[in-house]
Amino acid sequence: MKLGKLLYTGKAKDIYETDHPDEVMIRFRDDITAGDGEKHDKIPMKGYYNSIISAKFFEVLEAANIGTHYIKLVKPGYILARKLEMIPIEVIARNIATGSLTRRYPFKEGQEFKEPIIQIDYKSDEYGDPMLNDDIATALGITTMEELDNIRKITLKVNSTLKGFLKDKGLLLPDFKLEFGRYNSRLLVGDEISPDTCRLWDIKTRRTLDKDLFRRGEGNIIEAYRRVASLILDEEDKKRWKLKDDLL
Ligand code: 5GP
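Residues numbered from 1 in each chain as written. Predicted model: local features only at pLDDT ≥ 70, side-chain atom pairs only at ≥ 80, totals over all residues. Heavy atoms only, no water.

Can you explain the site of the ligand? Please cite residues and give values.
Close to the ligand lie 15 residues, the nearest being R94, S100, D175, D196 and R199. Between the ligand and S100, the relevant distance is 2.5 Å, taken from an oxygen atom to a side-chain nitrogen or oxygen of the residue. R199 places a side-chain nitrogen or oxygen 2.9 Å from an oxygen atom of the ligand. Protein burial of the ligand: of its 490 Å² of free accessible surface, 82% is covered by the chains. (Near = heavy atom within 4 Å. Polar contact = N/O pair within 3.5 Å; in protein donor to acceptor, adjacent residues only side chain to side chain. Areas by Shrake-Rupley, 256 points an atom, 1.4 Å probe, with all protein chains shown as cover.)

Can you lay out the side chain of S124 for me, pointing to particular residues and giving the numbers?
Within the secondary structure, S124 sits in the loop between β10 (112–122) and α3 (134–140). For S124, a relative accessible area of 10% puts it in the buried group. Looking at S124, its side chain comes within polar contact range of the main-chain nitrogen of Y127, at 3.0 Å. (Helix = DSSP H or I, 4+ residues; strand = E, 2+ residues; numbered from the N terminus. Buried < 20%, exposed > 50% of the residue type's maximum accessible area, 1.4 Å probe, protein only.)

So what's going on with the pattern of salt bridges? Which residues, and what values?
One pass over the structure, following the stated rule, counts 28 salt bridges. Salt-bridge contacts for D196 lead to K46; the nearest nitrogen and oxygen are separated by 2.5 Å. Of this pair, D196 sits in the loop between β13 (186–189) and β14 (198–202) while K46 sits in helix α1 (residues 46–63); the two residues are 150 residues apart in sequence, bridging distant segments of the chain. K46 carries the same exposure label as D196, and that label is buried. (Salt bridge = Lys/Arg side-chain N within 4 Å of Asp/Glu carboxyl O.)

Any details on helix α6 (residues 221–232)? Residues and values, ideally.
Each α-helix winds once per 3.6 residues, and so residues spaced three or four apart point in a common direction. Across its 12 residues, α6 extends 17 Å between first and last C-alpha, which sits within 8% of the 16 Å expected from 1.5 Å per residue. Buried within α6 we find I221, A224, Y225, V228, A229 and I232. In a view along the axis of α6, the buried residues occupy a sector of 140 degrees, so they form one face of it. Between the side-chain oxygen of the N-cap and the backbone nitrogen of I222 there are 3.3 Å, and the N-cap of α6 in question is N220. (Expected span 1.5 Å × (residues − 1). Arc of directions from axis to C-beta.)

Let's hear about the pairing of strand β4 (residues 31–34): which residues, and what values?
On β4, burial covers both faces: D31 and T33 on one face and I32 and A34 on the other are all buried. Note that β4 and strand β5 (residues 39–42) share 4 bridges and pair antiparallel. Among the inter-strand pairings, I32 is bridged to a residue of β5, identified as D41. Linking β4 back to β5 in an antiparallel pair, the connection comprises 4 residues, with G35 at a positive phi of about 60 degrees. (Pairing = 2+ DSSP bridges.)

Break down the layout of surface pockets for me, with residues and values.
Empty space among the atoms becomes visible once a probe the size of a water molecule is rolled across them. Considered as a void within the structure, the second largest pocket measures approximately 190 Å³ in volume. As for the second largest pocket, its lining consists of N95, I96, E112, F113, K163, K167, L171, L172, L173 and P174. Elements with a contribution of two residues or more to the lining of the second largest pocket: β9 (89–96), β10, α4 (145–168) and β11 (171–178). It is β11 that contributes the most residues to the lining of the second largest pocket, 4 residues altogether. Tallied by class, the residues present in the lining of the second largest pocket amount to 6 nonpolar, 1 polar and 3 charged. (1 Å grid on protein atoms, 1.4 Å probe; cavity = no way out; pocket = protein on both sides within 12 Å on 5 of 7 lines; lining within 4 Å. Points joined across faces, edges and corners; volume = space filled by probe spheres on them. Nonpolar A, V, L, I, M, F, W, Y, C, P; charged D, E, K, R; others polar.)

Got a sec to walk through the sheet that holds strand β1 (residues 6–9)? Specific residues and values, please.
Taken together, the 5 strands give an open sheet; going across it, the order is β1-β2-β3-β7-β6, and neighbouring strands pair in antiparallel fashion. In this open sheet, the two strands that pair with only one neighbour each are β1 and β6 (70–75). Strand-to-strand, the axes of this sheet are offset by a mean angle of 25 degrees, without reference to chain direction. Where strand β2 (residues 13–17) lies against strand β3 (residues 23–28), 5 bridges are found, and the strand directions are antiparallel. Paired with I15 across the strands is I26, a residue of β3. (Axes fitted to C-alpha atoms, helices over the stretch in contact; angles between N-to-C directions.)

Give me the lowdown on the UniProt feature "domain: SAICAR synthetase/ADE2 N-terminal" (unreviewed entry) in the chain, citing residues and values where you can.
Residues given the UniProt feature "domain: SAICAR synthetase/ADE2 N-terminal" (unreviewed entry) here are residues 7–229. Its end C-alpha atoms 29 Å apart, residues 7–229 is made of 30% helix and 34% strand. (UniProt positions renumbered as here; feature names shortened; annotations may be inferred.)

Which residues make up the packing of aromatic side chains, and what are the values?
Evaluated as defined, the whole model comprises 6 aromatic pairs. Taken together, a centroid distance of 5.2 Å and an interplanar angle of 80 degrees make the contact between Y48 and Y49 edge-to-face. When sorted by exposure, Y48 lands in the same class as Y49, which is buried. Measuring from ring centre to ring centre gives 6.3 Å for F57 and F165, while their planes differ by 85 degrees; the resulting arrangement is edge-to-face. Of this pair, F57 sits in helix α1 while F165 sits in helix α4; the two residues are 108 residues apart in sequence, bridging distant segments of the chain. Note on accessibility: F57 and F165 belong to one class, buried. An aromatic cluster is present here, built from Y105, F107 and F113 joined pairwise through their rings. Geometry around W241 places R240 over its ring, the cationic atom sitting 4.3 Å from the centre. (Phe/Tyr/Trp six-rings, centres within 6.5 Å; stacked < 30°, edge-to-face > 60°. Lys NZ or Arg CZ within 6 Å of the ring centre and 35° of its normal.)

In structure tokens, the structure reads:
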């Protein structure tokens, strides 16, 4: 596998050019950060698990006819993807009240919503990812009303698709964050979908199996990520991606 020029380096991933101008290679690193990068660590194998979990989620979405940037998992740690013109927003869907929602508003921790809540934040470390409304987003010139409507529709479909898939695997999806980009004239789901960007709870015990373990400084993070991978991947995935049994 040949990597081209490093195009961008984020908090947990690097993006490389490939031989194809419309495609990029995403390398999932073991870095983990929280609180806008204030807390930082390296967790061996985190990139491995996040890449295979993301690949599986993207394939589940593609199978439900949701457009994503995913092309294929080249090998654990590396995803080949369509090169997007990213929109600097973080789109959060919430099914259960927790995290910043219960810190900022009088919701009861663990309260389940009848309808999912969608929240759109401005992705900016400089400004601390403030929440947007449609008028602010369009006045900033980062997106259009039509795109915002489309983004909300796609996010709801991602939510119902992933929630249903995960329920069958014994996992709850309290909330997650998506990023979107433009590809020709289409909006595609980009970035990653992993325990770094989703809350995932054991359906029976409500035990946390995601990055909240790092945010709170508790638990064996990699054991949780490995548990998520072992629950969502099937024998066929393990075979085609040549995953070692002792890692799952
Ligand atoms: P909260 O707003 O409660 O902190 O986060 C809601 C959901 O969005 C969680 O699943 C969280 O992982 C995800 N999320 C929100 N902002 C970010 C972010 O800047 N980075 C990452 N990795 N996930 C985020």
